[in-house]
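The primary structure of each chain is shown beneath.
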Amino acid sequence: MHLTITHTTRYSYETPVHYALQKIRLIPRDTPQQRINDWKVQITGGNREVIYHDQHGNVTELMQIDPGATEVSITASGRVETRDTAGILGKVYGSIPLWLYLQHSKLTKPGDGIREIAARLEAAQDKLTGLHDMSARIADAVKYGLGQTYAGTTAEEALKGGKGVCQDHAQIFISAARAAGIPARYVSGYLMMKDRVEQSATHAWAEAHLDTLGWVGFDVSNAQSPDEHYVNVATGRDYLDAAPISGLRQGSGDESMIVSLQVQQ
């Protein structure tokens, strides 16, 4: 499938910015599931300082906002050819050892609720089936809903709250898989919806590693494994490692953000 993507993030600042630095992870890479035919990131109101691959292999750009700016716009756009591999990325590895994806981060530290989910996975004879069953249980326990969680909500908090978004579903899945001894990681990217072109946010899902298959994807929010409708952009131990844009700002006043995203065939 050939997907065309345009993703714009606009920041507006109440007072002129004295200093701000943004970390941008918006450049997808070629994988067994996708091939990048054309891609660019355009910045208005700031300057690209450096581009590098981070510890997870993500293409990362550092952008410094122009001093005195009151608006900044970042647009990622391009064309990606995707294929359905039944969610299996395979035995694709970078410089990060698998044991790192067994370590819990602040956002994925398990509590009693997640440990209970993990215990059923740990007892499963067929781990792949167990992971699919776990994905379904998480979706039943945490209904999809906006406004109940935020970027700093932990997996255990989202599970207890009973409502969350794709970020929360992915982090609960990751936390439980790790607690059961299975390496798992967070994936941020794009999903072509069947009923719309315009979207208000990027998407997130999880990948778990099995010795027999390598990395396998699980989209808890949509009850499926990633297929040709998905584009992988960044991976990490949790949301903070793979967030499309993150950074810091010096100065007073509020800021607002508007996201415009179109994904279409």
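What this report covers is the structure whose coordinates are included nearby. This is a predicted model, so every value here is computed, not measured.

Here is what the cut-offs are and how they apply
- Residues numbered from 1 in each chain as written.
- Predicted model: local features only at pLDDT ≥ 70, side-chain atom pairs only at ≥ 80, totals over all residues.
- Heavy atoms only, no water.
- Helix = DSSP H or I, 4+ residues; strand = E, 2+ residues; numbered from the N terminus.
- Rg over C-alpha atoms; globule rule 2.2 N^0.38 Å.
- Buried < 20%, exposed > 50% of the residue type's maximum accessible area, 1.4 Å probe, protein only.
- Contact = heavy atoms within 4.5 Å.
- Areas by Shrake-Rupley, 256 points an atom, 1.4 Å probe, with all protein chains shown as cover.
- Lys, Arg positive; Asp, Glu negative; His and termini not counted.
- Charge placed at Lys NZ, Arg CZ, Asp CG, Glu CD.
- Pairing = 2+ DSSP bridges.
- Axes fitted to C-alpha atoms, helices over the stretch in contact; angles between N-to-C directions.
- Parallel < 35°, antiparallel > 145°, perpendicular 65-115°, else oblique.
- Left-handed = near helix turned anticlockwise from the far one by under 90°.
- Phe/Tyr/Trp six-rings, centres within 6.5 Å; stacked < 30°, edge-to-face > 60°.
- Lys NZ or Arg CZ within 6 Å of the ring centre and 35° of its normal.
- Polar contact = N/O pair within 3.5 Å; in protein donor to acceptor, adjacent residues only side chain to side chain.

Points about the overall build of the protein chain
- In terms of helices and strands, the protein chain carries five helices and 16 strands.
- Over its C-alpha atoms the protein chain spans a radius of gyration of 18 Å, differing by no more than 12% from the 18 Å that the globule rule assigns to 265 residues.
- Buried positions account for 51% of the 265 residues belonging to the protein chain.
- Across the protein chain, every contact between residues at least 6 apart in sequence was considered, and the portion connecting residues at least 24 apart equals 75%.
- In the structure as shown, the protein chain presents an accessible area of about 12400 Å², 49% of it carried by carbon and sulfur atoms.
- Counting 25 positive and 30 negative side-chain charges, the protein chain places the centres of these two groups 3 Å from one another.

Focus: the pairing of strand β6 (residues 71-82)
- Of all 12 residues making up β6, nine are buried, and the element is well covered by its neighbours.
- Pairing of strand β1 (residues 2-13) with β6, which is carried by 11 bridges, proceeds in the antiparallel orientation. Residue pairing in the sheet places Thr4 in a bridge with Arg79 of β6.
- With 10 bridges connecting them, strand β3 (residues 34-44) and β6 associate as antiparallel partners.

A short note on the packing of helix α1 (residues 112-123) against helix α2 (residues 127-141)
- Relative to each other, α1 and α2 sit at 155°, their axes nearing to 8 Å. Taken together, the axes of α1 and α2 are roughly antiparallel relative to one another. Pair α1 / α2 crosses with right-handed handedness. Judged by residue contacts, Ile117, Arg120, Leu121, Glu122 and Ala123 of α1 engage Lys127, Gly130, Leu131, Met134, Arg137 and Ile138 from α2.

A short note on the sheet that holds strand β13 (residues 214-218)
- Pairing within the open sheet is antiparallel, and its five strands lie in the order β7-β13-β12-β10-β14. At either margin of the open sheet sits one strand with a lone partner, and together these are β7 (88-90) and β14 (230-236). Neighbouring strand axes in the sheet, compared pairwise and without regard to direction, differ in orientation by 35° on average.
- Of the pairings in the sheet, the one linking strand β10 (residues 184-191) to β14 comprises six bridges and is antiparallel in character. When the bridges of β14 are listed, Gly189 appears paired with Asn232.
- This element, helix α4 (residues 166-179), spans β10, β12 (203-210) and β13 of the sheet and lies at about 155° to β10.

A closer look at the sheet that holds strand β4 (residues 46-53)
- Read from one edge of the open sheet, four strands run β4-β5-β2-β15, paired in antiparallel fashion. Of all strands in the sheet, those with a lone pairing partner are β4 and β15 (245-250), marking the two edges. Strand-to-strand, the axes of this sheet are offset by a mean angle of 20°, without reference to chain direction.
- Pairing between β4 and strand β5 (residues 59-65): seven bridges, direction antiparallel. Counted as the bridge partner of His53 is Val59 from β5.

Here we look at the packing of aromatic side chains
- Per the counting criterion, the structure on display carries six aromatic pairs.
- Ring centres of Tyr186 and Tyr239 lie 6.2 Å apart, and the angle between their planes is 80°; on these two criteria the pair is classed as edge-to-face. Separated by 53 residues along the polypeptide, Tyr186 in strand β10 and Tyr239 in helix α5 (residues 239-242) bring together distant segments of the chain.
- Overall, Tyr186 belongs to the buried group, its relative accessible area being 3%.
- One cation-aromatic arrangement involves Arg185 over Tyr101; the distance from NZ or CZ to the ring centre is 5.9 Å.
- One residue, Arg185, lies across the ring of Trp215, its end atom 3.9 Å from the ring centre.

Considering the environment of Asp227
- Tracing the sequence through the fold places Asp227 in the loop between β13 and β14.
- For Asp227, the contacting residues outside a window of four places in its chain are Arg83 and Asp84.

A word on the side chain of Gln262
- Along the chain, the position of Gln262 falls in strand β16 (residues 255-264).
- A polar contact of 3.1 Å, which involves the side chain of Gln262, links it to the side chain of Glu198.
- A distance of 2.9 Å separates the side chain of Gln262 from the side chain of Ser260, its partner in a polar contact.
- Other than its neighbours up to four places away in sequence, Gln262 contacts Thr4, Ile5, Thr6, Val197 and Glu198.

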